Amino acid sequence: MGKQPTTGQKKSKDAIAKAASSAKGGRKKWTKGKVKDKLALAVFYDEETYKKLLEDIPKLRLITPAIVTDKLKVNQSLARRGIRHLREKNLIRVLDAHRSMWISTGVKAKAIGEKEEGAEEGTKPQKGKK
């Protein structure tokens, strides 16, 4: 604590302001909560994004509008149109269709049960030399 002014001395304005702010310093300060950054998603397909749509998306095993949005940085309505476009070109096939959610898979994607090329059934993959 600071010194008390002796009789006859007056506190300066700075000292009064400092004392007032220190009294409030012990109070709980409520946070506003975490604020999520706004994503800048595209609303049109440009040349580069359209090429990615045709090349990368059909290779995926699971294709939903949310996954297309994350991969291509486009909004949901554009992702749904892209999936519809790929379906019309027979680059993807629909696994399940619902009013609000389409689940598709790429025609080029490996099936879940498929083995990689060159892997034999009786051998285990080697981790490394010892």
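Before reading further, recall that the structure is shown in the block above.
All of these numbers come straight from a predicted model, not from anything done at the bench. (Residues numbered from 1 in each chain as written. Predicted model: local features only at pLDDT ≥ 70, side-chain atom pairs only at ≥ 80, totals over all residues. Heavy atoms only, no water.)

### Looking at helix α4 (residues 76-88)
The terminal C-alpha atoms of α4, which comprises 13 residues, lie 19 Å apart, in line with the 18 Å expected from a rise of 1.5 Å per residue. Of the positions making up α4, those classed as buried are L78, A79, G82, I83 and L86. Seen end-on, α4 carries its buried residues on one side only, within an arc spanning 140°. Along α4, the residues that are exposed and aim more than 90 degrees away from the buried face are R81 and E88. Buried-residue contacts for α4 involve α2 (47-55), α3 (65-72), β1 (92-97) and β2 (102-106). Phi for N90, located one or two positions after α4, is positive at around 60°. (Helix = DSSP H or I, 4+ residues; strand = E, 2+ residues; numbered from the N terminus. Expected span 1.5 Å × (residues − 1). Buried < 20%, exposed > 50% of the residue type's maximum accessible area, 1.4 Å probe, protein only. Arc of directions from axis to C-beta. Contact = heavy atoms within 4.5 Å.)

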